[in-house]
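Here are the chains, one letter per residue:
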Amino acid sequence: MKRIIILLFVASFILSCKGEKEHDLWAPPEPAIVSIQPDRGSEETIVTISGRRFSGSIAENKVTINGVEAVVLEAADNLLKIIVPKDAGTGEIKVTVNGHTSKGPVFNYMERTYEYVVSTFAGSTSGFVNGVGTGAKFTNPGGIAIDNFGNIIVCDRTNHSIRRITPAGVVTTLAGNGTAAFADGSPGQFKFPWQCALDGQGNIIVADKDNDRIRKVTPAGVVSTIAGNGTRGYAEGTPGNFTNPMGIAVDPSGNVYVADRENNRVRKVSTMGVVSTFAGDGTPAILNKPVALAMDKDGNLFVSDFANYKIKKITPEGVISTIAGTGIKGYTDGTPGKPLTAQLGDVFGLTVDKKGNIIFADASNARIRMITPAADGSYDAANIITIAGTGTVGKIDGVGTIATFNNPYDVAVDAQGGIYVAEASNHLIRKITYK
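About the criteria used
- Residues numbered from 1 in each chain as written.
- Predicted model: local features only at pLDDT ≥ 70, side-chain atom pairs only at ≥ 80, totals over all residues.
- Heavy atoms only, no water.
- Disulfide = S-S within 2.5 Å.
- Buried < 20%, exposed > 50% of the residue type's maximum accessible area, 1.4 Å probe, protein only.
- Helix = DSSP H or I, 4+ residues; strand = E, 2+ residues; numbered from the N terminus.
- Polar contact = N/O pair within 3.5 Å; in protein donor to acceptor, adjacent residues only side chain to side chain.
- Contact = heavy atoms within 4.5 Å.
- pLDDT = per-residue confidence, 0-100.
- Pairing = 2+ DSSP bridges.
- Axes fitted to C-alpha atoms, helices over the stretch in contact; angles between N-to-C directions.
- Phe/Tyr/Trp six-rings, centres within 6.5 Å; stacked < 30°, edge-to-face > 60°.
- Lys NZ or Arg CZ within 6 Å of the ring centre and 35° of its normal.
- 1 Å grid on protein atoms, 1.4 Å probe; cavity = no way out; pocket = protein on both sides within 12 Å on 5 of 7 lines; lining within 4 Å.
- Points joined across faces, edges and corners; volume = space filled by probe spheres on them.
- Nonpolar A, V, L, I, M, F, W, Y, C, P; charged D, E, K, R; others polar.

Participant: Any chance you could break down the state of the cysteines for me, citing the residues and the numbers?
Facilitator: Within this structure, the stated rule accounts for zero disulfides. Summary of cysteine pairing: C155 is not part of a disulfide, and the nearest cysteine sulfur, belonging to C196, is at 3.7 Å. Note on C155: relative accessible area 0%, which makes it buried. When its relative accessible area of 6% is taken as the criterion, C196 is described as buried.

Shown next as C-alpha cells:
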C-alpha cells in the first residue's frame, strides 16, 4: 500500500513539473531593448527603439522615459518609434509588452531652447506693386493690424493706400490709389495714413494723419469719414478737429480712440461720431505727442507717450500711469522687475498679445521689444526684454540676436502668436516667430 502511494506521489510530481514546463513554453516572451536612437533630446523628439519581441500592435506596447509615459507612433516586432513627452526628465527607457517589462539605456532629457526668428514676409524695395511675398512693393509702411481671417492690413504710408496681405502672402490694394488727397468712396484717397485697427464688423479704422481725419474702410474697400473736418485744430463734438492723429484703437462697443499727437491728448469718437477728450489736458507733462495706442481684453489702453519716452496705461476710467521708461531717450532693458528703469527710444507702434505682453517697435533703437507682466498680471514688477534687433541699422533675417531692422514702426500679433512688423525704411513687412 505504501509503495502504491509513493508511486502515485511521484507520478503526480512528474506531471506537475511537465505542466509547468509546458506552461513556460507557451508564456509570452519578455521584450528586449537593444539600442535607442537618439539617446538625448527635448520634448517632441522622435526616438527609435530597436530590440526584440515587441508587439506589432501599438496599443500593446507601453513605453516610459523616467517613469513618464510616451506616445508610441509606430510598432513592429523589432522596432518602436516614440515621441518624447514634455517634462520627462532624464531616466531609463522601459518597454512593457503583455505585462513583461524590459529596461533599456538612459535617455538624456534636454530642455527645449526657444528663440525668436525674423524673416521677410512681404515687400522688397520701395514701390507700389501688388504680388506675392517679396514680389510685392510698399513705400514706408507705417501701421499694421490683423483681421479675424488672419489677413494683415498695412497702412502703406507714402503710397497713401491701405493694403491687404493674405496669410499666404498675397498682397492687394484695398483702398487708396497712391495719390495724396482726400476722397471718400471706392477706392477713396488718403494722405499719409498712419495706423489702423479693426472694429467688430471687420471694418478698418484709419488715422489719416495729414488729412486730420479718422476714416473707415469696409471689407469691400469702401472709404468713409467718421470724424474730423480736415481742418487742424482742437474741437469736440461732431465732426470735431484733430491735429496729426496717428494711433488708433477700437473697443468692443465700437468706440474709437485716437492718439491726437499735436494736441497732446487721447480722443474718443463715439459710435455716433461724437468727438471728446478721453485722457490728457493738452500739456506735455501728462501726454507729450502720443503716437500709438493698443487696447487689452479688459479695456485698458496702452499709449506710446512719444516725446516723454514712456509707455503709459490708461484705465477705462481714464486713470493714467507710467508702466515703462525713465523719461530719458536711450536704450536699456533696465533692472528685471523694475520697468521704470528701462530706457526707450522712438516708439511709434505697440500691441498687446493674449498673455498681456506689450510688444513695441522701438524705431530709433532698431529693435522689437517686449514688456512681460508679473505673475499677477500687473506691470509694476514687469520685465522688459529685447526680442529682435541688434541696434544696428540693416536688413538681416535670422535669429533675434543677429537680425537687423531699419525704422520698425508698428507691430501686430496673429492668433498663433506670430509677430508682424511694419518696417518703414526697409519698405518691408517682417515676421517674428518664436520657435
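Participant: Give a detailed account of the side chain of N365, specifying residues and quantitative values.
Facilitator: Structurally, N365 is set in the loop between β28 (358–362) and β29 (367–372). Using a relative accessible area of 12% as the deciding quantity, one classes N365 as buried. Within the local environment of N365, its side chain forms a polar contact with the backbone oxygen of G330, the two atoms lying 3.0 Å apart. Not counting the four nearest positions on each side in its chain, N365 is found in contact with G330, Y331, L344, G345 and G391.

Participant: So what's going on with the confidence of the model for the protein chain? Residues and values would help.
Facilitator: Atom-level detail of predicted coordinates should not be read off regions where pLDDT is low. Considering every residue of the protein chain, the mean pLDDT works out to 93; 94% of them sit at 70 or more. In this model residues 1–27 is a low-confidence stretch, pLDDT under 50, and it forms zero contacts with partners more than four residues away in sequence or in other chains.

Participant: Break down the sheet that holds strand β23 (residues 290–295) for me, with residues and values.
Facilitator: Taken in spatial order, the four strands make up an open sheet running β23-β24-β25-β26, and their pairing is antiparallel. With partners counted over all chains shown, the strands left at the sheet margins are β23 and β26 (320–324), one partner each. Within the sheet, the average angular offset between the axes of one strand and its neighbour, ignoring direction, is 30°. Where β23 meets strand β24 (residues 301–305), five bridges bridge the pair, whose relative direction is antiparallel. Across the sheet, the residue bridging to A292 is S304, located in β24.

Participant: Could you give me a rundown of the packing of aromatic side chains, with the residues and numbers involved?
Facilitator: In total, this model carries eight aromatic pairs according to the counting rule given. Between W194 and F348, the ring centres sit 6.0 Å apart and the planes meet at 50°, which makes this aromatic pair tilted. Taken together, the residues W194 in strand β15 (residues 193–198) and F348 in strand β27 (residues 347–352) connect sequence positions 154 residues apart. In this structure, W194 and F348 share a single accessibility class: buried. With centroids separated by 5.1 Å and ring planes inclined at 70°, the aromatic side chains of Y257 and F278 adopt a geometry described as edge-to-face. In this pair, Y257 is assigned in strand β20 (residues 256–260) and F278 in strand β22 (residues 275–279), connecting sequence segments 21 residues apart. One exposure class covers both Y257 and F278, and it is buried. Each residue in the set W194, F306, F348 and Y409 is aromatic and connected to the rest through ring pairs, giving one cluster. One cation-aromatic arrangement involves R213 over F182; the distance from NZ or CZ to the ring centre is 3.7 Å. Positioned over the ring face of Y234 is R265, at 3.8 Å from the centre of the ring.

Participant: Which residues make up the layout of surface pockets, and what values do they have?
Facilitator: One number sums up the size of the second largest pocket: a volume of about 440 Å³. D353, K355, Q416, G417 and Y434 are, among the 17 residues lining the second largest pocket, the residues nearest its centre. Examining the composition of the lining of the second largest pocket, we find that three residues originate from one element, strand β34 (residues 428–434), more than from any other. When grouped by side-chain class, the residues that make up the lining of the second largest pocket number seven nonpolar, five polar and five charged.

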